[in-house]
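Letter by letter, the chains look like this.
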Amino acid sequence: QVQLVESGGELVQAGGSLRLSCAASGRTFNYYGMGWFRQAPGKEREFVGRISVHGATIYADSVKGRFTISRDNAKNTGYLQMNSLKPEDTAVYYCAATSNSPTNYPTNYDYWGQGTQVTVSS
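Because the structure is predicted, anything quoted here is derived from the model rather than measured. Within each chain, residues carry numbers counting from 1 in the order of the written sequence. Local features in a predicted model are, by the rule used here, given only for residues with pLDDT of at least 70; side-chain atom pairs are given and counted only at 80 or more, and totals for whole chains, interfaces and linings are based on all residues. Side-chain measures here rest on the full set of heavy atoms in the structure, leaving out hydrogens and waters.

Participant: Mind showing me how you'd approach the pattern of salt bridges here?
Facilitator: Think of it this way: side chains of opposite charge can pair up when their charged atoms draw near. A pairing counts as a salt bridge when a side-chain nitrogen of Lys or Arg comes within 4 Å of a carboxyl oxygen of Asp or Glu. Overall, the coordinates contain four salt bridges when judged by the stated rule. Notably, a salt bridge pairs K64 with D61, separated by 3.0 Å at the nearest N-O pair. A salt bridge links D89 to R66, with the nearest nitrogen and oxygen atoms 2.8 Å apart. One end of the pair, D89, is in the loop between β8 (77–82) and β9 (91–98); the other, R66, is in the loop between β6 (57–59) and β7 (67–72), with 23 residues separating them in the sequence. A single burial state applies to D89 and to R66, both of which are buried. Via salt bridges that share partners, R38, E46, R66 and D89 belong to a single interconnected network. Numbering goes from the N terminus for both helices and strands, where a helix is a DSSP run of H or I of at least four residues and a strand is a run of E of at least two. The cut-offs for exposure are 20% and 50% of the maximum accessible area for each residue type, with area from a 1.4 Å probe on protein chains only; residues under the lower value are buried, those over the upper are exposed, and the others partly exposed.

Participant: Looking at this structure, I do not really get the pairing of strand β4 (residues 33–39). What am I missing?
Facilitator: For a regular strand, side chains alternate in direction, first toward one face of the sheet and then toward the other. Of all seven residues making up β4, six are buried, and the element is well covered by its neighbours. In this description, strands pair whenever DSSP reports at least two bridges between them. Relative to β9, β4 runs antiparallel, the two being bridged by seven bridges. Bridge pairing links F37 to Y94 in β9. Bridge count between β4 and strand β5 (residues 46–51): five bridges; the pairing is antiparallel. Across the sheet, W36 pairs through a bridge with G49, a residue of β5. Between β4 and β5, which follow one another and run antiparallel, lie six residues, and G42 among them has a positive phi close to 80°.

The following block contains the structure:
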């Protein structure tokens, strides 16, 4: 079992930055790929990006060049650095973990955090 807790979401103006954290506990974090997803009201959960156990990253086109995913295995924590935020980035952001290779699909992930709200004002 892996427990995930996101933090760092808040209200920010367009053009601003935020860093979300995803703290993991339970089994060794090193062995899990991690994904970040978001869900806006009335919309389906959307892939944001992912990072493999080796640190390889993939991003959705909508965030490429603005968002950066990283992980610190010594701290059992993953991060989502978000720059140049836009109002359309407003959503609840979730981190997820998988013992398999991470993909863009939520069904691939075994463990989820509770989510953290990011609101970007125009």
